Amino acid sequence: GIGVPAILNLALPSLLVTFLNDLLAAFSESYVVVLGIYYKLQTFLYLPVSGIVQGMRPLISYNYGAKEHARVAKLYQLTLGMSAVIMAAGTVICMAASAPLIGLFSSNPETIAIGTSALRIICVGFIVSTISVVASGSLEGLGMGVQSLVISLCRYIVVIMPLAWLFCRLLGADGIWNAFWVTEVITAGISLVVYHKSVKLK
């Protein structure tokens, strides 16, 4: 009940990348390259956050089992705050140095121009994404794998795929970049509802 949803959580990003590559390939190969560069860059942000969430899981699990609900709430808020600080720093860096960051991976002027625009659009959703990342990690730590999977499905499949498909037809390739931050906002709202309905703190 916990392991299978966790496995699927890890597999979903690969499905998303495959889907987005197909959409972007219709515009030019440079867009596909930019997507690959973006995922390399975002690893530097999401890995530290993932590490914090991994450390939080046993702590929140032990305290929830011991009915130390005040500690569970405190751990959740602390993890959320620490993750948000990392994402806020990442947002500032991506806004201020998007061109040099893309330039680390490509010297092609077209790729740098596309990547600069993409990074500045996508990073708008970084801070709000901490809500779904922390909520999903907390639910896994509490043994609620299915609820965690619901959040991941919204973030990687249910919300972003239809939005990316629709936005790319309305706004062109930039619509796909905008689908990222819109998805994060929608998924954050869903995550809050799922978390608070699943985790009963008295």
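Look up: the structure comes first, before these words.
Small disclaimer: the values here were computed from a predicted structure and weren't measured. (Residues numbered from 1 in each chain as written. Predicted model: local features only at pLDDT ≥ 70, side-chain atom pairs only at ≥ 80, totals over all residues. Heavy atoms only, no water.)

S.K.: How should helix H6 (residues 126-141) be read in this particular structure?
M.R.: Along an α-helix, residues three or four apart share an orientation, since each turn contains 3.6 residues. Along its 16 residues, H6 runs 23 Å from first to last C-alpha, staying within 8% of the 22 Å computed at 1.5 Å per residue. In terms of burial, H6 is largely enclosed, as 14 of its 16 residues are buried. Just downstream of H6, Gly143 is the residue with a positive phi angle, here 80 degrees. (Helix = DSSP H or I, 4+ residues; strand = E, 2+ residues; numbered from the N terminus. Expected span 1.5 Å × (residues − 1). Buried < 20%, exposed > 50% of the residue type's maximum accessible area, 1.4 Å probe, protein only.)

S.K.: Sorry if this is basic, but what is going on with the environment of Ile60 here?
M.R.: Inspection of the secondary structure puts Ile60 in helix H2 (residues 29-65). Separated by twelve residues in the primary sequence, Ile60 and Val72 have C-alpha atoms spaced 5.3 Å apart. In contact with Ile60, other than residues within four places in its own chain, are Val72, Leu75, Tyr76, Ser138, Leu142 and Tyr195. (Contact = heavy atoms within 4.5 Å.)

S.K.: Looking at this structure, I do not really get a nonpolar patch on the surface. What am I missing?
M.R.: A surface patch of nonpolar side chains, amounting to about 420 Å² of accessible area, comprises Trp165, Leu166, Leu170 and Leu171. Tracing the sequence through the fold places Leu166 in helix H8 (residues 160-171). (Patch = residues over 30% accessible without salt bridge, like charges linked within 9 Å, V, L, I, M, F, W, Y side chains within 5 Å. Areas by Shrake-Rupley, 256 points an atom, 1.4 Å probe, with all protein chains shown as cover. Salt bridge = Lys/Arg side-chain N within 4 Å of Asp/Glu carboxyl O.)

S.K.: For this particular structure, what's the right way to read the packing of aromatic side chains?
M.R.: Aromatic ring pairs are described here by two measures, namely the spacing of the ring centres and the angle between the planes. In total, this model carries six aromatic pairs according to the counting rule given. Residues Tyr46 and Phe126 carry aromatic rings whose centres are separated by 6.2 Å and whose planes lie at 85 degrees to one another, so their mutual orientation is edge-to-face. Of this pair, Tyr46 sits in helix H2 while Phe126 sits in helix H6; the two residues are 80 residues apart in sequence, bridging distant segments of the chain. In this pair, the class of Tyr46 matches that of Phe126, namely buried. Through a chain of ring-to-ring contacts, the aromatic side chains of Tyr38, Tyr39 and Phe180 assemble into a single cluster. (Phe/Tyr/Trp six-rings, centres within 6.5 Å; stacked < 30°, edge-to-face > 60°.)

S.K.: Where do I start with the packing of helix H3 (residues 69-96) against H6 in this structure?
M.R.: When two helices pack together, their arrangement is captured by the angle between the axes and the distance separating the axes. For the pair H3 and H6, interaxial distance at closest approach is 8 Å and the crossing angle is 145 degrees. Seen from above, H3 lies across H6 with right-handed handedness. Between H3 and H6, the residues in contact are Tyr76, Thr79, Leu80, Ser83, Ala84, Met87, Ala88, Gly90, Thr91 and Cys94 and Phe126, Ile127, Ser129, Thr130, Ile131, Val134, Ala135 and Ser138, respectively. Of the residues belonging to the contact of H3 with H6, the class tally is eleven nonpolar, seven polar and no charged. (Axes fitted to C-alpha atoms, helices over the stretch in contact; angles between N-to-C directions. Left-handed = near helix turned anticlockwise from the far one by under 90°. Nonpolar A, V, L, I, M, F, W, Y, C, P; charged D, E, K, R; others polar.)

S.K.: Would you mind going over the environment of Gly3 with me for this structure?
M.R.: Looking at where Gly3 falls in the secondary structure, it is placed in helix H1 (residues 3-25). Given the relative accessible area of 41%, Gly3 is considered partly exposed. Distance from Gly3 to Val194, taken between C-alpha atoms, is 19 Å for residues 191 residues apart in sequence.

S.K.: Is there a simple way to think about the side chain of Thr130 in this case?
M.R.: Within the secondary structure layout, Thr130 lies in helix H6. Reaching out from Thr130, the side chain makes a polar contact with the backbone oxygen of Ile127 at a distance of 2.7 Å. (Polar contact = N/O pair within 3.5 Å; in protein donor to acceptor, adjacent residues only side chain to side chain.)

S.K.: Teacher, can you tell me more about the environment of Tyr31 here?
M.R.: The topology assignment puts Tyr31 in helix H2. Linking Tyr31 and Phe44, residues 13 residues apart in sequence, is a C-alpha distance of 21 Å. What Tyr31 contacts, discounting residues up to four positions off in sequence, is Leu24, Ile114, Ala173 and Trp177.

S.K.: In this structure, what is going on with the pattern of salt bridges? I would like to understand it.
M.R.: Close approach of charged atoms allows side chains with opposite charge to pair. Considering all chains together, one arrives at two salt bridges under this definition. Note that Glu140 is salt-bridged to Arg57, the shortest N-O span being 3.0 Å. Here Arg57 lies in helix H2 and Glu140 lies in helix H6, a separation of 83 residues in the sequence. Ionic pairing is found between Glu184 and Arg155, a salt bridge with its closest N-O pair at 3.1 Å.

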